[in-house]
Amino acid sequence: MKITFQVNGVDREIDAPPMKRLLDVLREDLRLTGAKEGCGEGECGACSVIIDGEVINSCLAPICQMQGVKLLTVEGLSRDGRLDPLQQAFLECGAAQCGICTPGMLISARYLLDANPRPTRDEIKEAIAGNLCRCTGYVKIIDAIDRAASTIA
Amino acid sequence: MIYDPTAVTPSNLGEVYELLAERGRRAKIIAGGTDLMVALNAGSLDAKEFIDIWPLNELRGIDDEGATIRIGALTTYTQLIKSPLIQLSVPALVEASRTVGAIQIQNRGTIGGNIVNASPAGDSLPVLAAFDAEIEIGSIRGVRSMDFNRFYTGYRQTLMEPDEILLAVRLRKLKSNERSFFFKVGTRRAQAISKIVMAVKVGTTGAVIDSIGVALGSVAPTVIRARQTESLLTNSTLDATLIERARRTISQEIAPITDVRSTEHYRRTVTGNALAKVLRLLT
């Protein structure tokens, strides 16, 4: 089926089976490999993307439900070659180790800061509760989101 | 991955009824996908045709009906959490919704999906059971209402016919002498499927319990009400002795299994403790 949607500000049209996962359309059809498959069952958040302002797991969304949506993936965070403050803060804080969870973490953090520009550390933890990281122990990720929030403010 | 299944996206409820009447059991309705897509990805869902109802706004919304609240089947957990009406009148449903997965799931998962998926561990289900909710089911033959507590007939079995679709759930608002509680024990607070989950709706006058509904998930093939424990507590005066008797009664009343998430002994013990905790909050 033909799906027209906006990906990171650009109108895209793809032709895919209706139950193909959004994650697979992103990675295979659009070659946007930022979103990762960790678990394929909505547990790990590595495939998180924002559609129409709401963060979701792209491994649980069939492409037929994406008609006309506005989609933001990790590839859309930087603007004109400038990193999003969250990306900059992740670099400065050393918030990535193996890197598999990082795109999902950045997306969940972006979703948080869009709604709540000055979150508490507890609010940051809540916002990334659906994103698993097996390397960092989360401390530097939380530090980075905290730093990004204070940079923007 | 092979993407065999087809999907149709009806533009209104009438079209859904027609599709279901024509295809019945062959077609699977998909809403937010947070349960079905997991099964589809795992290859454990044998469905060739999907009916995608996600765009049907007529199935969304939280309506104040006076003494009751009607919640459309496609209402998401995030919408429930953010609803001032639900926060005020069915607070346990807000608490339950907060424990479903994490934000990514809450943004997409629906209350209707939780009901028809019929898992014994569905987080919102004990709240609906404790509140004696009513569900509204539609088909080309018309719309019917049913007590939620009659809906499940066994493990993942419901009274829904193949041509029917869940439209809404209706809950009576808490009265001024009533409170509701929600309690979930899982491996961690986010994402985990429950070991036990409990919802209580209780009305009191002073220390006397006028009415109480105690509902449990993950301790039986379906969500259940603890009727013996409710009988013990109704019209009784709350004190330490009664709380201890209630703890023992509910532990014996339930028949949980040992599985990958927990053991029978743990579930009996924690269910008793959870009820005792709720009852102490009332004293």
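First, a word on scope: everything that follows refers to the structure included in this document. Owing to the predicted nature of the structure, the values given are computational and were not obtained by experimental measurement. Starting afresh in each chain, residues are numbered from 1 along the sequence in its written order. Chains carry letters from A onward and ligands carry numbers from 1 onward, assigned in written order. Given that this is a predicted model, residues contribute local features only at a pLDDT of at least 70 and side-chain atom pairs are listed and counted only at 80 or more, while totals for whole chains, interfaces and linings are drawn from all residues.

1. Here we look at the overall build of chain A
Now for step 1: Scanning chain A from N- to C-terminus turns up five helices and five strands.
Now for step 2: Each radius of gyration reported is based on C-alpha atoms, and the globular scaling rule is 2.2 Å times the count of residues to the power 0.38. At 15 Å, chain A has a C-alpha radius of gyration in line with the 15 Å of a compact globule built from 153 residues.
Now for step 3: For the purpose of contact definition, each residue receives a C-beta atom placed from its backbone, and two residues are in contact when these atoms lie within 7 Å. Residue pairs in contact within chain A that sit at least 24 positions apart in sequence constitute 61% of those at least 6 positions apart. A run of DSSP states H or I qualifies as a helix once it reaches four residues; a run of E qualifies as a strand once it reaches two. Both are numbered from the N-terminal end.

2. Some points on the overall build of chain B
Now for step 1: Of regular secondary structure, chain B possesses twelve helices and 14 strands.
Now for step 2: Its C-alpha atoms give chain B a radius of gyration of 19 Å, near enough to 19 Å, the size a compact globule of 283 residues would have.
Now for step 3: If you line up chain B on its principal axes, its C-alpha atoms span 60 × 45 × 30 Å.
Now for step 4: Put simply, of all contacts in chain B between residues at least 6 apart along the chain, 61% involve residues at least 24 apart.

3. Examining helix α5 (residues 91–98) of chain B
Now for step 1: Here the C-beta atoms are placed from the backbone, and a residue counts as buried if at least 20 other C-beta atoms lie within 10 Å of its own, exposed if 12 or fewer do, and partly exposed otherwise. When we look at burial in α5 of chain B, the residues that qualify are Ala 92, Leu 93, Ala 96, Ser 97 and Arg 98 of chain B.
Now for step 2: Check the buried side of α5 of chain B and you find it contacts α3 (77–82), α4 (84–89), α6 (103–106), α8 (125–130), β11 (178–185) and β12 (196–205) of chain B.

4. What about the nonpolar core?
Now for step 1: Each nonpolar core comprises buried Ala, Val, Leu, Ile, Met, Phe, Trp, Tyr and Cys residues, the members being joined through C-beta atoms within 7 Å. In this structure, Val 169, Ala 199 and Leu 216 of chain B are the most contacted members of the largest nonpolar core, which totals 133 residues.
Now for step 2: By residue number, the principal contributor to this core is helix α3 (residues 102–115) of chain A, which donates seven residues.
Now for step 3: Contacts of Leu 216 of chain B, omitting those with residues within four sequence positions, involve Pro 126, Ile 196, Val 197, Met 198, Val 223, Ile 224, Ala 226, Ile 254 and Thr 271 of chain B.

5. Thoughts on the sheet that holds strand β3 (residues 49–52) of chain B
All names here are of chain B.
Now for step 1: Spatial strand order, β1-β3-β2: three strands in an open sheet with parallel pairing. Edge strands, defined here as strands with exactly one partner in the open sheet, are β1 (6–8) and β2 (27–30). Here the average twist between neighbouring strands, direction ignored, is 30°.
Now for step 2: The pairing of β1 with β3 spans three bridges and is classified as parallel. Its bridge partner lying in β3, Ala 7 is registered against Phe 50. Any two strands with at least two DSSP bridges between them are considered paired. Between N-to-C directions, angles span 0 to 180 degrees; the directions come from axes that are lines fitted to C-alpha atoms, helices contributing only their stretch in contact.

6. Remarks on helix α5 (residues 139–152) of chain A
All names here are of chain A.
Now for step 1: Across its 14 residues, α5 extends 20 Å between first and last C-alpha, which sits within 8% of the 20 Å expected from 1.5 Å per residue.
Now for step 2: Buried within α5 are the following residues: Lys 140, Ile 141, Ile 142, Ala 144, Ile 145, Ala 148 and Ala 149.
Now for step 3: Buried residues along α5 sit against α2 (85–93), α3 and α4 (121–127). Here the expected length of a helix is defined as 1.5 Å per residue gap, with one fewer gap than residues.

7. Quick word on the interface of chain B and chain A
Now for step 1: Facing 25 residues of chain B, the contacting portion of chain A comprises 24 residues.
Now for step 2: Ranked by the residues each element gives to the side of chain B that touches chain A, the list is headed by helix α2 (residues 36–42) of chain B, at four residues.
Now for step 3: Ten residue types, Ala, Val, Leu, Ile, Met, Phe, Trp, Tyr, Cys and Pro, are classed as nonpolar, four, Asp, Glu, Lys and Arg, as charged, and the remainder, Gly among them, as polar. The class makeup of the residues in the side of chain B that touches chain A is 14 nonpolar, nine polar and two charged.

8. Thoughts on the packing of α2 of chain A against α5 of chain A
Residue and element names in this part refer to chain A.
Now for step 1: For the pair α2 and α5, interaxial distance at closest approach is 8 Å and the crossing angle is 130°. Taken together, the axes of α2 and α5 are oblique relative to one another. α2 and α5 meet at a crossing whose hand is right-handed. Contacts from Pro 85, Leu 86, Ala 89, Phe 90, Glu 92 and Cys 93 in α2 reach Lys 140, Asp 143, Ala 144, Ile 145, Arg 147, Ala 148, Thr 151 and Ile 152 in α5.
Now for step 2: Tallied by class, the residues present in the contact of α2 with α5 amount to nine nonpolar, one polar and four charged. Here the angle decides the label: under 35 degrees means roughly parallel, over 145 means roughly antiparallel, 65 to 115 means roughly perpendicular, and every other value means oblique. Helix crossings get a hand from a simple test, with the near helix turned counterclockwise from the far one by less than a right angle marking a left-handed crossing and a clockwise turn marking a right-handed one.

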